[in-house]
Amino acid sequence: GKAAAEIIEEVRRQFREVKNERTGRTLREAIQLATEGHTIPEDEDVVPDSDRCVQISTRSSVKEMIAPGVYAIFAPLLIGFTLGPRCLMGVLSGAIVSGAMLAIMMSNAGGAWDNSKKLCEKLNIKKTEQGKACVVGDTVGDPFKDTSGPALNILIKLMSMVSLTIAPLLKD
């Protein structure tokens, strides 16, 4: 997404512009030397600004959570006050059932993808096409297992709490 593109641009900028003040060596040059097997003394090393990448990622994640947060708060309010408590009960039931199923599926699929990489490492096939596919699966599986499933739990709880808070104000 947008954050990934911005991080890529920042990393490219750092490769070009971040230098060791003493030697004038850029980050790209230091990485190339290290890749070739040269030992770089600590005082000649080039230190990247990883805090900048963390800042980009954090800012983007907070910005991207605005829409789901607004949805979780305002959907029960809008439905409860315009269509009534019975419709709100149906929306909450649907959110709980579909959210729980989706969270379980994402957690299980993420765990399976994560474990496939471990199997590839155990079978010593990391350099094959199957091993490369396992790395891709692990890249997708980790966010599924660690963030997406639990985030749906929070969404369901937030919608339920907003609904319970406004329940006394709703007409029959």
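Fair warning: this is a prediction, and the values are worked out from it, not measured in the lab. (Residues numbered from 1 in each chain as written. Predicted model: local features only at pLDDT ≥ 70, side-chain atom pairs only at ≥ 80, totals over all residues. Heavy atoms only, no water.)

1. Observations regarding the overall build of the chain
The condition is simple: Helix and strand definitions here come from DSSP, where helices need a minimum of 4 consecutive H or I residues and strands a minimum of 2 consecutive E residues; each element is numbered from the N-terminal end. Using C-alpha atoms as the atom set, the radius of gyration is obtained and then compared with a globule rule of 2.2 Å times the number of residues to the power 0.38. Residues are treated as being in contact if the distance between any of their heavy atoms lies within 4.5 Å. Residue burial considers only the protein chains on display, and all accessible areas are found by Shrake-Rupley using a 1.4 Å probe. Residues counted as positive are Lys and Arg, residues counted as negative are Asp and Glu, and His and the chain ends are not counted. In plain terms, the charge of a residue is placed at NZ if it is Lys, CZ if Arg, CG if Asp and CD if Glu.
Across its full length, the chain holds six helices and zero strands. N-terminal to C-terminal, the α/β element order of the chain is α-α-α-α-α-α. For the chain, the C-alpha radius of gyration of 24 Å lies well beyond 16 Å, the compact-globule estimate for 172 residues. Overall size of the chain, expressed as C-alpha extent along the three principal axes, is 75 × 40 × 20 Å. Partitioning the intrachain contacts of the chain with sequence separation of at least 6 by distance along the chain shows that 66% fall at a separation of at least 24. A total of about 12,100 Å² of accessible surface is found on the chain, and carbon and sulfur atoms cover 63% of it. Charged side chains of the chain number 21 positive and 21 negative; the gap between the two group centres comes to 7 Å.

2. A look at the confidence of the model for the chain
The criterion, for reference: Each residue carries a pLDDT score, the predictor's confidence in it, ranging from 0 to 100.
Chain-level pLDDT for the chain is 89 on average; 99% of the residues reach the 70-or-more range. At the low end of the mean pLDDT range in the chain sits helix α6 (residues 129-166), at 86; at the high end sits helix α4 (residues 66-83), at 93.

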